[in-house]
Every structure is written in C-alpha cells, then in structure tokens.
Amino acid sequence: MQKEIIMRYCAYLFVVTAGLAASMANAASPIEATLYKNPQCGCCDEYARQLEANGFKVTMENTTDLSQIKKLAGVPENLAGCHTMRVENYVVEGLVPLDTLNRLLTEKPDIWGIALPGMPTGVPGMPGPKPEPLNIYVISDGTPEVYATE
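Remember, it's a predicted structure, so these values are computed and weren't measured experimentally.

Student: Any chance you could explain the overall build of the protein here in plain terms?
Tutor: A count of helices and strands for the protein gives 4 helices and 7 strands. If you list the helices and strands of the protein from N to C, you get α-β-α-β-α-β-β-α-β-β-β. Put simply, the protein has 150 residues, and 34% of those count as buried. Excluding contacts between residues fewer than 6 apart, the proportion of contacts in the protein whose partners are at least 24 apart in sequence is 52%. As displayed, the protein has an accessible area near 9000 Å², and 55% of this comes from carbon and sulfur atoms.

This is the structure we're talking about:
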C-alpha cells in the first residue's frame, strides 16, 4: 500500500515537472513576427527594437510596395498604419501598443488582426505625448469595431 502511494506520488511529480518544463520552454521562446515596412521608416525600426526588448524576434522586410502588402493582408485603407506585421496567425497594423498586442496573443480571438491607424505620438516608435486615448480596431471585412482603447 505504501509503495503504491509512493509510486502515484512520483508519477504525479513527473507530470507536474514535465508540464512546468514545457511551460518554461514556451515562455522562454521568443514570439516570432515579420514586420513589413518602408526602408526609410525610423519609427518602424524603433517599434521593432521595443518588441525585441519585450520577448519578440522580429524579422524586418523592407518593401517599396507596402500598399500591396496591406491589401493582401486585408487591411482596409481607413485602418492603415506605417507598417504591417504578421505575428502568429494575426495581422497587426501600425504601432499597436504592447499591452494590446500581448492581449491579442493571450486571448487569441477569432479575428484577422488589429490596427492602430496613422502614426500617433506617444506609442512605441513615436516619441512625444499621447494626445488622447487611442482606439485599436479589429481588422475585418465589415465596419471597424474597437478592440481596445489605450
């Protein structure tokens, strides 16, 4: 009886330890992203640096045909930002703040992606104060809905 209890306890510890090891391995792995940008865009470079400082591995793809990338990604013109990024199964358009990006990757909603239109100040990559709360929108083929406000 005591031997059986010890064996069960050892099996339990093995399962818990294996689960923790797998979680730690996933947590340590960087989140891979591909960022498509205009070659001269400095704010995109700074955005990528901030992502990398927060656990992302960013591959930069310079292009002079960013409008075609946006079109292929399904980004409506009214939601266009300065760059288009692929991360996991999502399109992330523009200088989306890290809290909202991490929320997207944690919650994994059934959407194409999210967008912060334009190039507002006060977000990663754009120095200066944030003039007002910013809306980050869901990218879809319908009317844009707010995903988050920061």
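Student: What am I meant to see in helix α4 (residues 98–107) here?
Tutor: Each α-helix turn comprises 3.6 residues. Residues three or four places apart therefore point the same way. Listed in full, the buried residues belonging to α4 are L98, T100, L101, L104 and L105. All buried residues of α4 project into a common sector of 165° when viewed along the axis, lining one side. Among the exposed residues of α4, those oriented more than 90 degrees off its buried face are D99 and T106. Once α4 finishes, K108 follows within two positions and takes phi at roughly 50°, a positive value.

Student: It is not clear to me how the side chain of K70 should be interpreted in this structure. Could you clarify?
Tutor: By secondary structure assignment, the location of K70 is in helix α3 (residues 66–73). Here G81 takes part through its backbone oxygen, which lies 3.1 Å from a polar atom of the side chain of K70. Apart from residues lying up to four places away in sequence, K70 is in contact with V75, A80, G81, C82, H83, T84 and E93.

Student: Looking at this structure, I do not really get the packing of aromatic side chains. What am I missing?
Tutor: The relative placement of two aromatic rings is captured by the distance of their centres and the angle of their planes. One pass over the full model with this rule turns up 0 aromatic pairs. Above the plane of the ring of Y147 lies R103, whose end atom (NZ or CZ) is 4.0 Å from the centre.

Student: When you look at the sheet that holds strand β2 (residues 56–62) in this model, what are you seeing that I'm missing?
Tutor: What links the strands of a sheet is backbone hydrogen bonding, and the strands pair in either a parallel or an antiparallel sense. In spatial order, the strands read β2-β1-β3-β4-β5-β6-β7; together these 7 strands make up an open sheet with mixed pairing. Each edge of the sheet is formed by a strand with only one pairing partner; in this case those strands are β2 and β7 (146–149). Averaged over neighbouring strand pairs, the angle between their axes works out to 20° when direction is ignored. Pairing of strand β6 (residues 135–139) with β7, which is carried by 3 bridges, proceeds in the antiparallel orientation. Its bridge partner lying in β7, Y137 is registered against V146. Across the sheet, α3 touches β1 (31–37), β3 (83–87) and β4 (90–93), and the angle it forms with β3 is around 45°. Contacting β1, β2, β3, β4, β5 (113–115), β6 and β7, α4 runs over the sheet at an angle of about 130° to β7.

Student: How do you make sense of helix α2 (residues 42–52) when you look at a structure like this?
Tutor: Along α2, the residues that are buried comprise C43, C44, Y47, A48 and L51. An end-on view of α2 places all buried positions within 140° of arc, on one side of the element. Where the residues of α2 are buried, they touch β1, β2, β3, β4 and α4.

Student: Teacher, can you tell me more about the confidence of the model for the protein here?
Tutor: A low pLDDT score tells you not to read the predicted coordinates there in detail. For the protein, per-residue confidence averages 85 on the pLDDT scale, and residues scoring 70 or more make up 81% of the total. With pLDDT under 50 throughout, residues 3–26 is counted as low confidence; its partners more than four residues away or in other chains account for 0 contacts.

The rules behind the values
- Residues numbered from 1 in each chain as written.
- Predicted model: local features only at pLDDT ≥ 70, side-chain atom pairs only at ≥ 80, totals over all residues.
- Heavy atoms only, no water.
- Helix = DSSP H or I, 4+ residues; strand = E, 2+ residues; numbered from the N terminus.
- Buried < 20%, exposed > 50% of the residue type's maximum accessible area, 1.4 Å probe, protein only.
- Contact = heavy atoms within 4.5 Å.
- Areas by Shrake-Rupley, 256 points an atom, 1.4 Å probe, with all protein chains shown as cover.
- Arc of directions from axis to C-beta.
- Polar contact = N/O pair within 3.5 Å; in protein donor to acceptor, adjacent residues only side chain to side chain.
- Phe/Tyr/Trp six-rings, centres within 6.5 Å; stacked < 30°, edge-to-face > 60°.
- Lys NZ or Arg CZ within 6 Å of the ring centre and 35° of its normal.
- Pairing = 2+ DSSP bridges.
- Axes fitted to C-alpha atoms, helices over the stretch in contact; angles between N-to-C directions.
- pLDDT = per-residue confidence, 0-100.

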